[in-house]
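# A look at the structure
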Amino acid sequence: MHQQDPASFQRLFAPGTAGSGYAKRYFTELFAVPATGLRLDLETHTDQRFLVLRGHPADGGALCDAWPIQNSGGRSALSAVPLTTDLCDAGS
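What counts, and where the lines are drawn
Residues numbered from 1 in each chain as written. Predicted model: local features only at pLDDT ≥ 70, side-chain atom pairs only at ≥ 80, totals over all residues. Heavy atoms only, no water. Helix = DSSP H or I, 4+ residues; strand = E, 2+ residues; numbered from the N terminus. Rg over C-alpha atoms; globule rule 2.2 N^0.38 Å. Phe/Tyr/Trp six-rings, centres within 6.5 Å; stacked < 30°, edge-to-face > 60°. Buried < 20%, exposed > 50% of the residue type's maximum accessible area, 1.4 Å probe, protein only. Core = buried A, V, L, I, M, F, W, Y, C linked by side-chain atoms within 4.5 Å. Contact = heavy atoms within 4.5 Å. Arc of directions from axis to C-beta.

Before going further, it helps to spend a moment on the overall build of the chain. Across its full length, the chain carries two helices and four strands. Traced from its N-terminal end to its C-terminal end, the chain shows the element sequence α-α-β-β-β-β. Computed over C-alpha atoms, the radius of gyration of the chain comes to 13 Å, within 12% of the 12 Å expected from 2.2 N^0.38 for 92 residues, which places it in the range of a compact globule. Taken along the three principal axes of its C-alpha coordinates, the chain extends 40 × 30 × 20 Å.

Given two aromatic rings, their pairing is described by the distance between the two centres and the angle made by the two planes. Counted by the stated rule, this structure contains nine aromatic pairs. Plain terms: the ring middles of phenylalanine 9 and phenylalanine 13 are 5.1 Å apart, the flat faces sit at 85° to each other, and that makes the pair edge-to-face. Judged on exposure class, the residue phenylalanine 9 and its partner phenylalanine 13 are both buried. Ring geometry for phenylalanine 13 against tyrosine 22: centres 5.1 Å apart, planes inclined by 70°, an arrangement best described as edge-to-face.

Here the focus is the nonpolar core. Ranked by internal contacts, the top residues of the largest apolar core, which has 17 residues, are Met1, Phe9, Phe13, Tyr22, Tyr26, Leu53 and Trp67. Secondary structure elements with two or more residues in this core: helix 2 (22-30), strand 2 (48-57) and strand 3 (63-72). The element that contributes the greatest number of residues to this core is helix 2, accounting for five residues. When sequence neighbours within four positions are dropped, the list of residues in contact with tyrosine 22 reads Phe9, Gln10, Phe13, Trp67 and Ala80.

Owing to its 3.6 residues per turn, the α-helix aligns residues three or four sequence positions apart on the same side. Within the span of helix 2, buried status applies to Tyr22, Ala23, Tyr26, Phe27 and Leu30. Down the axis of helix 2, the buried side of the element spans an arc of 125°, and every buried residue falls inside it. Residues of helix 2 that are exposed and point more than 90 degrees away from the buried face comprise Lys24, Arg25, Thr28 and Glu29. Close packing links the buried residues of helix 2 with helix 1 (6-10), strand 2 and strand 3.

Written out as structure tokens, the structure reads:
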């Protein structure tokens, strides 16, 4: 995230969960407005692990996105499949 490297970010996703341009599009949107305090945390909610990105966009408010971590071919990988619950409003 901090290096703004979409190719490295794309490789974190399990096959079939994110289209080939997912990371590039995500970074374009994320860095369209400068953000401060970006941090990545591993969190567990209801026995599921997530990678959670939080920060503060320069135009105000809060930034929060979360990706489930799953087993993919014997390795941990992210999934870009939308969450059924809003982790960012879960009080974390």
